[in-house]
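Next come the chains, spelled out residue by residue.
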Amino acid sequence: MRKKSYDSSRRRIRHHDKTASTKEFKIEVDKGVDGNLKSIKQMLGDPPDLVTRMLKVGKKEQKIVIIYISGLVKRDFINNNLLNAVKVHIKDTEAWNLETVYQEAVAITDTKQCDTLDAVSLDVLSGWTAFYMDGCDKVLTMNTVGGEKRSIEEPPSEMLIRGPRAGFIENIETNLALLRQAVKDPNLRFESHKIGRRSKQQLVVAYMAGIVNGDLVKVLDERLRSIDTDHAIDSGTVEQWIEDSFLSPFPQLIGTERPDRVTSALLEGKIAVFLDGSPFVLIAPVTLVDTLKSQEDYTQRWLTGTLVRLLRYLSAFIALLLPALYIAGVSYHPAMLPTRLVFSIAGSREGVPFPAVIEAIAMAVTFEILHEASIRLPKIIGSTIGIVGGLVIGESAVTAGIVSPVMVVVTALTAIASFTISEYSVAIAFRFIRFAFMIAAAFLGLYGIVLVYIMLNIHLVNLKSFGIPYTVPFAPSFFKDWKDMFLRAPLLMLRRRPAHLETKDRKSARKGGDPR
């Protein structure tokens with residue numbers, strides 16, 4: 001089998017001096033409580049949601065201070081497991097120190113000691129609670145992260161008829177827990193990163209040790225270290241930093257809100273990237289075939305899954321080529337069409353003042369505007385605007401003689417076909433490339449369509465996702481993987497992981513009920 005390389009030589013990795021424009025605080029913890037409290041307030045700008053609680057405990061009335069950000073913590077957790085525990089333990093103690101509190105008093109499992117105020121401030125801003133003690137040169141920080149968060153519900157962007165209903169949310173700890181619930185394997189690995197000069201967001205890379213190719217993990221780690229941004233709004237920001245080609249309209253990573261889809265990808269030998277604050281998890285590497293699959297293909301019987309997948313491939317070609325074929329047939333090649341169809345189209349176009357290409361582009365642009373408006377409007381009226389707006393504009397345009405009825409049918413069929421593509425980013429790419437086919441058909445007819453199709457294939461065979469050719473298992477060919485390409489073979493036959501991923505463990509226990 002031909003060896004694949006996961007090198008990053010084709011992509012220039014930009015390394016930056018991240019200390020050049022970011023002020024770093026390296027202030028050591030002072031033994032005086034008042035000085036530490038003043039320093040932390042200066043660092044954070046003394047915000048109104050910063051809560052400080054100073055107490056005097058013990059027979060010597062030693063000062064302690066508890067600091068946290070209101071809204072980011074569980075207050076009951078702090079009161080019960082920290083304040084009450086400390087008071088009960090040291091109220092009659094003559095001499096005590098931070099180590100005693102750390103070992104015996106604090107009833108919070110996730111606790112650590114910090115010796116610099118920059119580490120303390122970062123923990124406080126992350127929802128942790130800081131515990132100062134007078135006379136100590138270290139600070140305890142405890143994980144008390146809480147606050148409001150969205151409940152787990154079905155992902156609205158990936159609806160299924162049959163399959164798990166749980167979806168990721170914006171909290172990374174909850175998302176990792178959902179993955180742990182699905183994969184109870186000690187080989188599941190998490191590698192944590194911090195990205196964002198200002199936001200300091202947590203990013204976690206998940207993979208299955210013993211399955212994933214180690215070179216793939218190294219390439220991803222190198223690209224993540226090249227990220228230089230103040231704040232990652234969403235995992236889509238990370239995707240744009242680490243993808244192979246930013247000029248390609250096709251996504252080189254897949255974003256999903258479904259834990260079952262991430263589970264299946266990890267068990268295949270892929271990698272998942274979690275970003276705190278984003279419900280979308282990135283999966284890498286991906287191929288064109290992956291973008292045309294659906295998770296539901298594997299929860300249905302193999303024959304049903306195969307038919308639906310073939311229908312999806314047909315819909316992709318309709319969404320990409322149908323308007324261009326209409327333009328070429330009407331403008332250049334009417335002799336290739338059946339005679340009755342030619343007479344019907346000619347009769348419907350009688351009185352239309354525009355050529356076929358202007359008519360097709362105008363209708364396509366109108367549909368894109370309606371589609372975008374239906375997305376941005378509130379859900380209650382968004383779907384209504386999309387349906388009613390399309391019907392009203394289409395009927396009015398035909399009545400006014402601006403477009404032909406056949407063009408309305410072509411536009412509607414193209415739009416419906418584009419909605420069958422399960423991956424939204426790929427559907428957008430097809431809608432963008434459709435205009436190139438339409439323009440080429442207007443100038444050269446079928447020859448123009450063929451030329452653009454050849455150019456598109458040249459781009460796809462040169463495109464890679466983390467060193468993996470985008471067109472596998474077509475080119476290069478991996479014939480053993482074809483049984484899960486156009487067809488969805490029975491699960492009993494899907495006994496090996498994709499060959500192009502070069503996993504350490506090639507065999508897959510799909511007979512045992514792996515959903516994908």
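Residues numbered from 1 in each chain as written. Predicted model: local features only at pLDDT ≥ 70, side-chain atom pairs only at ≥ 80, totals over all residues. Heavy atoms only, no water.

## Focus on the sheet that holds strand E1 (residues 50-57)
The pairing of strands in a sheet happens through backbone hydrogen bonds and is either parallel or antiparallel. Read across the open sheet, the five strands follow the order E1-E2-E4-E5-E3; overall the sheet is antiparallel. Of all strands in the sheet, those with a lone pairing partner are E1 and strand E3 (111-114), marking the two edges. If you compare each strand with its neighbour and ignore which way they point, the axes differ by 20 degrees on average. Examined bridge by bridge, strand E4 (residues 128-133) and strand E5 (residues 139-143) share four bridges and lie antiparallel to one another. Residue pairing for E5: Thr 129 is matched across the bridge by Met 142. Taken strand by strand, helix H1 (residues 33-44) contacts E1, strand E2 (62-69) and E4, and its axis lies near 175 degrees from that of E1. (Pairing = 2+ DSSP bridges. Helix = DSSP H or I, 4+ residues; strand = E, 2+ residues; numbered from the N terminus. Axes fitted to C-alpha atoms, helices over the stretch in contact; angles between N-to-C directions. Contact = heavy atoms within 4.5 Å.)

## Details of unusual backbone geometry
Residue Pro 285 follows Ala 284 across a cis peptide bond; omega there is -10 degrees. Tracing the sequence through the fold places Pro 285 in the loop between strand E10 (281-284) and helix H9 (288-291). Residues Val 472 and Pro 473 are joined by a peptide bond in cis, for which omega reads 5 degrees. The phi torsion at Lys 200 lies on the positive side, around 50 degrees, for a residue other than glycine. Mapped onto the elements of the fold, Lys 200 is located in the loop between strand E6 (188-195) and strand E7 (201-208). Looking at Lys 200, the relative accessible area reads 29%, which means it is partly exposed. Positioned with a positive phi, Phe 466 is a non-glycine residue whose angle comes to about 55 degrees. Along the chain, Phe 466 turns up in the loop between strand E11 (464-465) and strand E12 (468-469). Classification of Phe 466 as buried rests on a relative accessible area of 1%. (Buried < 20%, exposed > 50% of the residue type's maximum accessible area, 1.4 Å probe, protein only.)

## Some remarks on the nonpolar core
Within the largest apolar cluster, 42 residues are counted, with the highest numbers of intra-cluster contacts made by Phe 250, Ile 327 and Phe 437. Of all elements in the fold, only H9, helix H10 (302-331), helix H12 (356-376), helix H14 (405-419), helix H15 (424-444) and helix H16 (446-462) reach the threshold of two or more residues within this core. Among residues more than four places away in sequence, those in contact with Ile 327 are Tyr 332, Ala 356, Val 357, Ala 360, Met 438, Ala 441 and Ala 442. Residues Leu 220, Ile 227, Leu 275 and Leu 282 belong to the second largest nonpolar core, which totals 22 residues. (Core = buried A, V, L, I, M, F, W, Y, C linked by side-chain atoms within 4.5 Å.)

## A short note on a nonpolar patch on the surface
Together, Trp 302, Leu 303, Leu 307, Leu 310, Phe 474, Phe 479, Trp 482, Phe 486 and Leu 487 give the surface a local cluster of nonpolar side chains, amounting to about 880 Å² of exposed area. Turning to its location among the elements, Phe 486 is positioned in the segment after E12. By relative accessible area, which is 33% here, Phe 486 ends up partly exposed. (Patch = residues over 30% accessible without salt bridge, like charges linked within 9 Å, V, L, I, M, F, W, Y side chains within 5 Å. Areas by Shrake-Rupley, 256 points an atom, 1.4 Å probe, with all protein chains shown as cover. Salt bridge = Lys/Arg side-chain N within 4 Å of Asp/Glu carboxyl O.)

## What to know about the sheet that holds strand E9 (residues 271-275)
The five strands lie next to each other as E6-E7-E9-E10-E8, forming an open sheet whose pairing is antiparallel. Every other strand in the sheet has two partners, leaving E6 and strand E8 (254-256) as the edge strands with one partner each. Between one strand and the next, the sheet's axes are offset by a mean angle of 25 degrees, whatever the strand orientation. When E8 meets E10, the two strands line up antiparallel, connected through three bridges. Looking at E10, one finds that Gly 255 is bridged to Leu 282. On top of the sheet, helix H7 (residues 235-242) reaches E6, E7, E9 and E10; it is set at about 25 degrees to E10, its chief contact.

## With respect to H10
The terminal C-alpha atoms of H10 lie 43 Å apart, and with 30 residues this matches the ideal 44 Å at 1.5 Å per residue to within 8%. Approximately 50 degrees is the largest bend angle found in H10, and it occurs at Leu 321, with the proline Pro 323 only one to four residues beyond. (Expected span 1.5 Å × (residues − 1). Bend = angle between axes of the 7 residues up to and from the residue.)

## Some remarks on the pairing of E4
Counting buried residues along E4, six of its six residues qualify, which places the element largely inside the surrounding structure. Of the two faces of E4, both are covered, the one formed by Trp 128, Ala 130 and Tyr 132 as well as the one formed by Thr 129, Phe 131 and Met 133. Adjacent in sequence and paired antiparallel, E4 and E5 are bridged by five residues, among which Gly 135 carries a positive phi angle near 90 degrees.

## Quick notes on the packing of H10 against H15
The description of two helices packed together rests on the angle between their axes and the distance between the axes. Orientation of H10 relative to H15, taken along the N-to-C sense of each, is 20 degrees, at an axis distance of 8 Å. By the angle between their directions, the pair H10 and H15 is classed as roughly parallel. The hand of the H10/H15 crossing is right-handed. Taken together, the residues of H15 that come into contact with H10 (itself represented by Ala 316, Ala 319, Leu 320, Leu 321, Pro 323, Ala 324, Ile 327 and Ala 328) are Phe 430, Ile 433, Arg 434, Phe 437, Met 438, Ala 441 and Ala 442. By residue class, the composition of the contact of H10 with H15 is 14 nonpolar, no polar and one charged. (Parallel < 35°, antiparallel > 145°, perpendicular 65-115°, else oblique. Left-handed = near helix turned anticlockwise from the far one by under 90°. Nonpolar A, V, L, I, M, F, W, Y, C, P; charged D, E, K, R; others polar.)

## Brief notes about the packing of aromatic side chains
If you walk through the whole model with that rule in mind, you get seven aromatic pairs. Pairing Tyr 313 with Phe 486 gives two aromatic rings, centres 4.9 Å apart and planes at 55 degrees, and the pair type is tilted. Within this pair, whereas Tyr 313 is found in helix H10, its partner Phe 486 is found in the segment after E12, the two being separated by 173 residues in sequence. Site record: aromatic cluster; members linked through ring pairs are Phe 250, Phe 430 and Tyr 470. When the ring centre of Phe 77 is taken as reference, the NZ or CZ atom of Lys 74 above it lies at 5.9 Å. Geometry around Trp 128 places Lys 112 over its ring, the cationic atom sitting 4.9 Å from the centre. (Phe/Tyr/Trp six-rings, centres within 6.5 Å; stacked < 30°, edge-to-face > 60°. Lys NZ or Arg CZ within 6 Å of the ring centre and 35° of its normal.)

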